[in-house]
Structures are given as C-alpha cells and as structure tokens.
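# Structural overview
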Amino acid sequence: MEPPQTEPLDVDRIRSDFPILEREFDGTPLVYLDNAATSQTPDQVVDAIAHYYRHYNANVHRGLHQLSQEASIAYEEAHDRVAEFIGASGGREEVVFTKNTTESMNTVAYAWGLSELGPGDEIVLTEMEHHAALVTWQQIAKKTGAEVKFVRVDEEGYLDMDHARELITDDTEMVSVVHVSNTLGTINPVSELADIAHDHDSLIFVDGAQSAPHVSIDVEAIDADFFAFSGHKMCGPTGIGVLYGKEHLLEEMQPYLYGGMMISKVTFEDSTWHELPWKFEAGTPVIAQGIALAEAIDYLEDIGMDRIEAHEEALAEYAYDRLSEFEDIDILGPPGDDRAGLVSFNLDSVHAHDVSEILNSHGVAVRAGDHCTQPLHDKLGVPASARASFYIYNTREEIDTMIDALEDARELFA
Ligand code: 7TS
C-alpha cells in the first residue's frame, strides 16, 4: 500500500516534547522502539493532567459546585473530541470511556454477548487476534454455548479472505477482528469484513488498539458496529480506553457494571439507567485520563494523522529492508512496503529474549515474547519473537543503532 504523500515530520521538534527520550543509561542514549506496547507521553499531555489536578479536580456529574461543573464539562467534552477523532457522527452518546481496549472488548462481550449468544451461534475471530479479543470471546463462548471460529492467516501474514467468506455465515453473530496486527503488522481489510458480516446480519467489532494511534480512523466508513482503542498507545495516559458503539446498539444493550453514576432512578426494588454513554460508566469515571486523552488527540491531530502514518510506514519499510540484510533472520508478516509501523523478527541463532537483552544493553528498547498472540506464535512454530515498533519521534538513525546492536548479538551467539 502506498503511504499518503505528505510533508515529513519535524522529528527534532516532536522529540523536544518528550523529555524521557533524552534519557541515557551509563552514557548510552535510549532508543525507544516499544511503542506498540505503550507510547511515550508528551509534555502537553502531562501538563493537561497536572493542570486538572492543580486547578479543577472534582468528581463529575455530582456536585453543583463550580469545580465539579468545570470537571464535568471537560470530561464530557473529551467524549465529543474522541467522537470527532474517529468520525462518530452520533457524538458522545457513541463513545464510552473504559480502562483500556481489553475492558472495551469485555464490555461488549458481557453486555451484548452474554444475553445475545447461545448454542448454534458462532463468533468469528482471526488467527492474529490479540488475547484481549481471543480470550474474551473464547470464555464468553464457553459461558453461552456459542462456538468460536478462526479465519486463517496465510504464509505471508495476510488474512485468507476466501476462508473469511466461508466462515462468516448466517450462524455468525459477531465478527471480531484486529485492524492492525500487533505481531505481524498486517493491515486488515476491516471494511470488506464489515460488509461480509453485515450481509449475514452479524455485528463486527474492530480492535483498533494498533490503528487508532497511527492512522486516520472513520468508524462510519469502516461501518464498524464497535471499535476500541487505548489512550496509552497514542500519547495519552494509562487507564483510559475507548469503546465506540453504534448508538442504537448501545441503546439496546444492558450495562454490565452497576453502581453509582450509571443510573437514572433507583428504588429498593429496581433501577433504571442513565442516558448514553454514562450507562456504561459506572462509578467515578476516568476523569483526568479522559481529559488528557482529548489533549493527546489534539497533539496528534496538530501533527496530522496522514503524516504520522506516512512517517511510520517509511520507518517500518526501512527497518524491514535493513533487517533483511541478515541472512539468518525470519521476519514475521507482510512485505516491508505493505505493513504498519512495526516489525517482529527472529534471528536463527539467538532467542528473542536474548536479542532484547542485548539490545537493551545498547539502550534499545524492544519487546520480546509472544506479544499476547500465543496461538499465532504456535501456528508460526516459534515460541517468541522480538518486535520493534515505531512512533512519531523515531528516526532511521535509531533503526541503524538497533541493526548495529543486532550484529553484536549475532557475534556473541555465533
Ligand atoms: N489489541 C491489540 C491489537 C493490542 O496490540 C493490544 C495491546 C490490546 C488489544 C490490548 O490493549 P490494552 O491497552 O487493553 O492492554 N498490545 C500490546 C502489545 O503488543 N504489547 O503490549 C501490549
């Protein structure tokens, strides 16, 4: 896929917003290439959190006092900002704040799945799902008697779309698919999958944890019924996730967390629910985190999502090409010019954990392990892989540093 033609990023200026990137370990500068796990947080977002706690920290929806009103408005408007960011025309009613992508997934699995699924129903996932989707739907299937099926991943790391068309039938009630694989870097054709799902009256849940931080998202163009992502992977704080749902679906769904804030009227006998999205936000919500997420979105959009996408895809292609110089390397997933901004790999002679340890001694932070895709690694016949994942502040020089460190690893284990 051709990345959009855009102006290059001013990486030096961007890096100045992230003091953590100046860290050195015994004189060795940090090279942070673990952005798929969590991204770093710019000063603007840290300042938004500090400003909230310093100036208008209060609980929301409850008090009528000035601080509570200020906090409530900022918190509610953060929902509008997120809706705008992902193209949800229904506004805040379609945006539920959760703790992370995992909780967004569980919210739908419990609130929709437990009551809608039963024996004879099928949930279609893909072999490249993150455990957040895989384990959640697997366990909901066990509770409800529904069956889980998996769309095959082919040898190049793409979804086998013929298999998807075979598996998605009138028995399918939910298709849950990762937009961008956190292990393979594959960009999945989610809008085509949405069409197939809808042709069979199935819903589709798109896991956007690795797409929303990096590319422009339009949930309505995708025609996703549900879409989820995490703040901490997109310059936001930890402890905030988003669940987008089409308004009529969220309207029909019962909440699965009960308590304060999510109710309208309560008697000793029964209760009714608050309007959307508050019906799904029980208890004191993620106030500071939600406000800071809106700030992170401002930060990313000021840079420009198209430019971010182009920058990262160019870095991924460069990393792919440089890694390909090693003869004894196995790179997981699609070719370098058709992937998102991450590359997972294995050197024949060195275990992924040793790779990451040696890289760490060169200041280079990558992730090693199964990246919460154990069944996919089993299928690929490897216990683990090392993964470099890029963001707005990364450079080609940092990739060169990683390559030099890998040379070292190979010599050590030769
Ligand atoms: N879905 C995908 C595709 C992910 O990559 C992750 C996190 C999640 C869901 C869960 O996100 P969370 O915020 O709820 O934890 N992925 C990774 C990773 O690749 N390394 O660390 C976390």
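Predicted model, so just to flag it, every value in this text is computed and none were measured.

Cut-offs used in this document
Residue numbers here run from 1 along each chain, matching the order of that chain's written sequence. Given that this is a predicted model, residues contribute local features only at a pLDDT of at least 70 and side-chain atom pairs are listed and counted only at 80 or more, while totals for whole chains, interfaces and linings are drawn from all residues. Calculated side-chain values reflect all of the structure's heavy atoms, with hydrogen atoms and water omitted. Numbering goes from the N terminus for both helices and strands, where a helix is a DSSP run of H or I of at least four residues and a strand is a run of E of at least two. Methods summary: accessible areas were calculated by the Shrake-Rupley approach with a probe of 1.4 Å, and residue burial reflects only the protein chains presented. Counted charges follow a simple rule, with Lys and Arg positive, Asp and Glu negative, and His plus the chain ends left uncounted. All charge positions are set by atom: Lys at NZ, Arg at CZ, Asp at CG, Glu at CD. Here, strands pair whenever DSSP counts at least two bridges between them. Lines fitted to C-alpha atoms define the axes, with helix axes restricted to the stretch in contact, and inter-axis angles between N-to-C directions lie between 0 and 180 degrees. Here a residue-residue contact requires only that any non-hydrogen atoms of the pair lie within 4.5 Å. A pair is scored as a salt bridge if a Lys or Arg side-chain nitrogen falls within 4 Å of a carboxyl oxygen belonging to Asp or Glu. Exposure classes here rest on a 1.4 Å probe applied to the protein chains alone. A residue is buried below 20% of its type maximum, exposed above 50%, and partly exposed in between. Aromatic rings from Phe, Tyr and Trp, taking only the six-membered ring of Trp, are treated as a pair when their centres fall within 6.5 Å; an angle between ring planes under 30 degrees marks them as stacked, one over 60 as edge-to-face, and anything in between as tilted. Whether a charge sits over a ring depends on NZ of Lys or CZ of Arg being within 6 Å of the ring centre and within 35 degrees of the ring normal. Segmentation into domains, and thus their bounds, comes from an automatic or database assignment. Note on definitions: buried area is the accessible-area loss of two parts on being combined, 1.4 Å probe, summed for both. For the purposes of these results, a polar contact is taken to be a pair of N or O atoms within 3.5 Å, where, inside protein, one atom must be able to donate a hydrogen and its partner to accept one; residues adjacent in sequence count only when each atom of the pair is a side-chain atom. Side-chain classes follow a simple rule in which Ala, Val, Leu, Ile, Met, Phe, Trp, Tyr, Cys and Pro form the nonpolar group, Asp, Glu, Lys and Arg form the charged group, and the remainder, Gly included, forms the polar group. Nearness here has a simple test: a residue counts as near a molecule or strand if at least one of its heavy atoms is within 4 Å of that partner.

## Some details on the overall build of the protein
From N to C terminus, the protein includes 14 helices and 17 strands. Its C-alpha atoms put the protein at 70 × 55 × 35 Å along the principal axes. For the protein, the exposed area adds up to about 17200 Å²; of that, 46% sits on carbon and sulfur atoms. One way to put it: in the protein the 25 positive side-chain charges average out to a point 5 Å from where the 78 negative ones average out.

## Examining the sheet that holds strand β7 (residues 172-178)
Spatially, the seven strands line up as an open sheet ordered β4-β10-β9-β8-β7-β5-β6, and their pairing is mixed. Every interior strand has two partners, whereas the edge strands, β4 (95-98) and β6 (147-151), have only one. Between one strand axis and the next, the sheet turns through 20° on average, direction left out of account. The pairing of strand β5 (residues 122-126) with β7 spans three bridges and is parallel. Bridge assignment links Val124 to a residue of β7, and that residue is Val175. Contacts from helix α3 (residues 66-86) reach β4, β9 (226-230) and β10 (241-245) within the one sheet, and its direction differs from that of β4 by about 115°. Here helix α5 (residues 131-144) sits on the sheet in contact with β5, β6, β7 and β8 (203-207), set at roughly 165° to β5.

## Looking at the pattern of salt bridges
Under the defined criterion, the tally for this structure stands at 19 salt bridges. Across the pair Asp298 and Arg81 runs a salt bridge, and its minimum N-O distance is 2.6 Å. Note that Asp298 is positioned in helix α10 (residues 287-303) and Arg81 in helix α3, a separation of 217 residues in sequence. Given a relative accessible area of 15%, Arg81 falls into the buried group. By sharing partners, the salt bridges in this structure join Arg81, Glu84, Asp298 and Glu301 into a single network.

## A few points about the packing of aromatic side chains
The description of two aromatic rings rests on the distance between their centres and on the angle between their planes. One pass over the full model with this rule turns up 13 aromatic pairs. Judged by centre distance (5.5 Å) and plane angle (40°), the rings of Tyr258 and Trp273 are tilted. Placement of Tyr258 in the loop between α9 (247-252) and β11 (263-266) and of Trp273 in strand β12 (residues 271-273) is noted, with a sequence separation of 15 residues between them. Judged by relative accessible area, which is 27%, Trp273 ranks as partly exposed. For the pair Tyr391 and Tyr393, a centre-to-centre distance of 5.9 Å together with 85° between the ring planes defines the contact as edge-to-face. For the pair formed by Tyr391 and Tyr393, the shared burial category is buried. Members of the aromatic cluster, each reached through a chain of ring pairs, are Phe18, Tyr299, Tyr391 and Tyr393. One residue, Arg396, lies across the ring of Tyr318, its end atom 4.5 Å from the ring centre.

## Brief notes about the domain arrangement of the protein
Splitting the protein by domain gives domain 1 (11-32 + 304-412) and domain 2 (46-301). Domain 1 and domain 2 are separated by 28 Å when their C-alpha centres are compared. Facing 33 residues of domain 1, the contacting portion of domain 2 comprises 31 residues. Buried area between domain 1 and domain 2, summed over both chains or domains, comes out near 2500 Å², and the portion from carbon and sulfur atoms is 59%. Between Glu127 and Lys379 there is a salt bridge; the shortest N-O distance is 2.9 Å. Across the domain 1-domain 2 interface, the total number found is 16 residue pairs in polar contact (both at pLDDT 80 or more). Residues that form the side of domain 1 that touches domain 2 fall into these classes: 16 nonpolar, seven polar and ten charged.

## Description of the site of the ligand
Around the ligand sit 17 residues in total, of which Thr102, Asp207, Ser230, Arg367 and Arg387 are the nearest. Separating an oxygen atom of the ligand from a side-chain N or O atom of Gln210 is a distance of 2.7 Å. A distance of 2.6 Å is found between an oxygen atom of the ligand and a side-chain nitrogen or oxygen belonging to Ser230. Considering the ligand on its own, with 490 Å² of exposed area, one finds that the protein chains cover 90% of that surface. The residue makeup of the shell around the ligand, split by class, is five nonpolar, eight polar and four charged.

## Thoughts on the sheet that holds strand β17 (residues 385-389)
Across the sheet, four strands lie side by side as β13-β14-β17-β16; this open sheet has antiparallel pairing. The sheet terminates laterally at β13 (329-331) and β16 (367-369), the two strands that pair on one side only. Within this sheet the neighbouring strands show an average axis-to-axis angle of 30°, counted without direction. Here three bridges tie β13 to strand β14 (residues 342-347), and the two strands are oriented antiparallel to one another. Across the sheet, Ile329 pairs through a bridge with Leu347, a residue of β14. In the packing of helix α11 (residues 305-323) onto the sheet, contacts are made with β13 and β14, and the angle to β14 comes to roughly 15°. Its contacts with the sheet place helix α12 (residues 352-361) against β14, β16 and β17, and it is angled at close to 160° to β16.

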